[in-house]
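Observations on the model geometry
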Amino acid sequence: MIKKELAHIRKQFKLDHDLLQIYDILNVYIQKDTEEIYHYECQPFGMVDREKQELYMQNFKKLLTGELDQKLFELKFQEEAEEPSQVLLHQGMITGDTEEWMNLMLVLVEKMLKDNRYEKDTVVTFIRGQYYRPTKARNDEAEQTGKDEMFAHPFILGSVNSTEQPRKTLQFDYVEREFKYSVIVDPIIKLSTPEQGFFFPSVTDNYSDVNRVLYCAGKANELNLHFVEQVLTAERTVTAHEERGFFEEIVKEVAGDYLDASTIAQVYESVHQVIESHESEEPPRLDYTDVERILTASGVEDVTTEKVELAFQSVIDDKHYEIKANSVMPKYTSKSIKIETKVATISISPQDLRYVRQVNYQGKRCIMIEVDEDAVIEGFTLTTETL
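Naming follows an unreviewed UniProt entry, where the protein chain appears as DUF4317 family protein of Paenibacillus phyllosphaerae.

Secondary structure summary: the protein chain contains 10 helices and 20 strands in total. C-alpha atoms of the protein chain, sized along the principal axes, occupy 75 × 60 × 55 Å. When contacts within the protein chain are restricted to residue pairs at least 6 apart in sequence, those whose partners lie at least 24 apart make up 64%. With the model as given, the accessible surface of the protein chain reaches about 23,700 Å², and the carbon-plus-sulfur share is 46%. When the 44 basic and 71 acidic side-chain charges of the protein chain are each reduced to a single mean position, those positions are 5 Å apart.

Attention now moves to the pairing of strand β16 (residues 345–348). Note: strand β15 (residues 337–340) against β16, 4 bridges, orientation antiparallel. Within the sheet, the bridge partner assigned to Lys338 lies in β16 and is Ser347. Counting the residues between successive antiparallel strands, the hairpin from β15 to β16 contains 4 residues.

Okay, the domain arrangement of the protein chain next. Often, the extent of an interface is quoted as the loss of accessible area upon association of its parts. You can read the domains of the protein chain as domain 1 (3–137 + 146–237), domain 2 (241–328) and domain 3 (337–381). On the domain 2 side, the residues contacting the 5 residues of domain 1 number 4 residues. Across the domain 1/domain 2 interface, buried area totals approximately 390 Å², and carbon plus sulfur atoms make up 21% of it. Where domain 1 meets domain 2, there are 3 salt bridges. The closest approach of N and O atoms between Arg236 and Glu242, which form a salt bridge, is 2.9 Å. Classifying every residue of the side of domain 1 that touches domain 2 gives no nonpolar, 2 polar and 3 charged.

Right, let's talk about the layout of surface pockets for a bit. Looking at the largest pocket, its volume works out to about 1,600 Å³. Taken together, 50 residues make up the lining of the largest pocket; nearest its centre are Leu68, Asp69, Pro283, Lys324 and Asn326. Contributions of two or more residues to the lining of the largest pocket are made by α1 (3–12), β3 (72–76), β10 (202–204), α6 (240–255), α7 (261–277) and α10 (325–328). Here the residues of the lining of the largest pocket are counted per class, giving 15 nonpolar, 13 polar and 22 charged. Both domain 1 (3–137 + 146–237) and domain 2 (241–328) contribute no fewer than three residues apiece to the lining of the largest pocket. Considering only enclosed or pocket space, the second largest pocket measures out at about 1,300 Å³ in volume. Of all the secondary-structure elements, those providing two or more residues to the lining of the second largest pocket are α6, α7, β15, β17 (356–361) and β18 (364–369). With 5 residues, α6 is the single largest residue contributor to the lining of the second largest pocket.

The next point concerns the packing of aromatic side chains. Tallying each qualifying case throughout the model produces 15 aromatic pairs. Geometrically, the ring pair formed by Tyr56 and Phe60 is stacked, given 6.2 Å between the ring centres and 15 degrees between the ring planes. One end of the pair is Tyr56 and the other is Phe60, both in helix α2 (residues 50–63) and 4 residues apart, which spans about a single turn. Geometrically, the ring pair formed by Phe246 and Tyr321 is edge-to-face, given 6.0 Å between the ring centres and 90 degrees between the ring planes. Placement of Phe246 in helix α6 and of Tyr321 in the loop between α9 (305–316) and β14 (323–324) is noted, with a sequence separation of 75 residues between them. Three or more aromatic residues joined by ring pairs form one cluster here, namely Phe13, Tyr56, Phe60, Tyr131, Phe155 and Phe199.

A word on the pattern of salt bridges. Evaluation of the coordinates by the stated rule reveals 12 salt bridges. The residue Glu67 makes a salt bridge to Lys3 at a minimum N-O spacing of 3.6 Å. With Glu67 in the loop between α2 and β3 and Lys3 in helix α1, the pair connects residues that are 64 residues apart, well separated along the chain. Accessibility expressed as a relative area gives 58% for Lys3, which makes it exposed. If you follow the salt bridges from partner to partner, you end up with Asp173, Glu178 and Lys180 in one network.

Criteria and cut-off values
- Residues numbered from 1 in each chain as written.
- Predicted model: local features only at pLDDT ≥ 70, side-chain atom pairs only at ≥ 80, totals over all residues.
- Heavy atoms only, no water.
- Helix = DSSP H or I, 4+ residues; strand = E, 2+ residues; numbered from the N terminus.
- Contact = heavy atoms within 4.5 Å.
- Areas by Shrake-Rupley, 256 points an atom, 1.4 Å probe, with all protein chains shown as cover.
- Lys, Arg positive; Asp, Glu negative; His and termini not counted.
- Charge placed at Lys NZ, Arg CZ, Asp CG, Glu CD.
- Pairing = 2+ DSSP bridges.
- Domains from an automatic or database assignment.
- Buried area = accessible area lost by both parts, 1.4 Å probe.
- Salt bridge = Lys/Arg side-chain N within 4 Å of Asp/Glu carboxyl O.
- Nonpolar A, V, L, I, M, F, W, Y, C, P; charged D, E, K, R; others polar.
- 1 Å grid on protein atoms, 1.4 Å probe; cavity = no way out; pocket = protein on both sides within 12 Å on 5 of 7 lines; lining within 4 Å.
- Points joined across faces, edges and corners; volume = space filled by probe spheres on them.
- Phe/Tyr/Trp six-rings, centres within 6.5 Å; stacked < 30°, edge-to-face > 60°.
- Buried < 20%, exposed > 50% of the residue type's maximum accessible area, 1.4 Å probe, protein only.

Structure below.
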């Protein structure tokens, strides 16, 4: 799956969209500290109140929002799983029997409850439907447009949402003209912040890929391994945060623990060039030869193929591993790098690192930043000292 495919799917999730059909919705309520389903309810999505439909759509869109490999992860199913969820999901997707689909989804919920306790009451929501994708680009001059021919993509989406207790409030009654203490005991389902979920099947080259599932995490770079491995029976993947850690450790193995800011800036510049010059829609990857070239071009001394290959083997235990360049790269033009000291935290973009130096001044380490204009603190312009 690539960004373009994900963006197309996410864009469909709004009411009355002509390229999206949702057939059924199933809500399952789980009470905390239990291993049982408390209540479930299945109905056609079209029979749901429109206000509720809007809340659900916002939840589904929120679930599918985020960067690939950071919040959204395309996972392969385990090949030798004892109770493969791939079979369960595929059968649920193709069946025309609503009751069979519901029972299959309830089996998935039973997997969620096995060997797992929830700290809060939780609601699991499933929908099934299909979205459409044009088979060709729209051509306004042709008699037929891209919308005349469509690929239909059946899917199942699952969303896990926790609940919270309502706040105690003081209300004013206009009719009785008095202040009243409001006590509401019904829990509130947090549809605006899904905990996690999935979208099946994934998409490869605009085709549904039933061998993969899109796992949606609630927070960036945080996978729920019980849900991934035991519920979805999918293979664990490496997050972008972990891959960045791999890259940093490999660079330290080759170049040492100490680098000046200009060298680090040049490393990021080289990685940025790899990303910008990459022509394929698949994300660019860095093997040990690419890392050797980047470090050499950045001015790191004594870099050899053997050193980098050994570093890959030492850090990742796989000298042929390929790191996604986008995982290594902080956002290039935004202040995505933080320089943390006891005195202050400085935010700076990778492209501006070349203006930073750590210097020794009168026996003390100092951070020096080259600037083109006067620095202003709380409206006061700083005087310029000559050292």
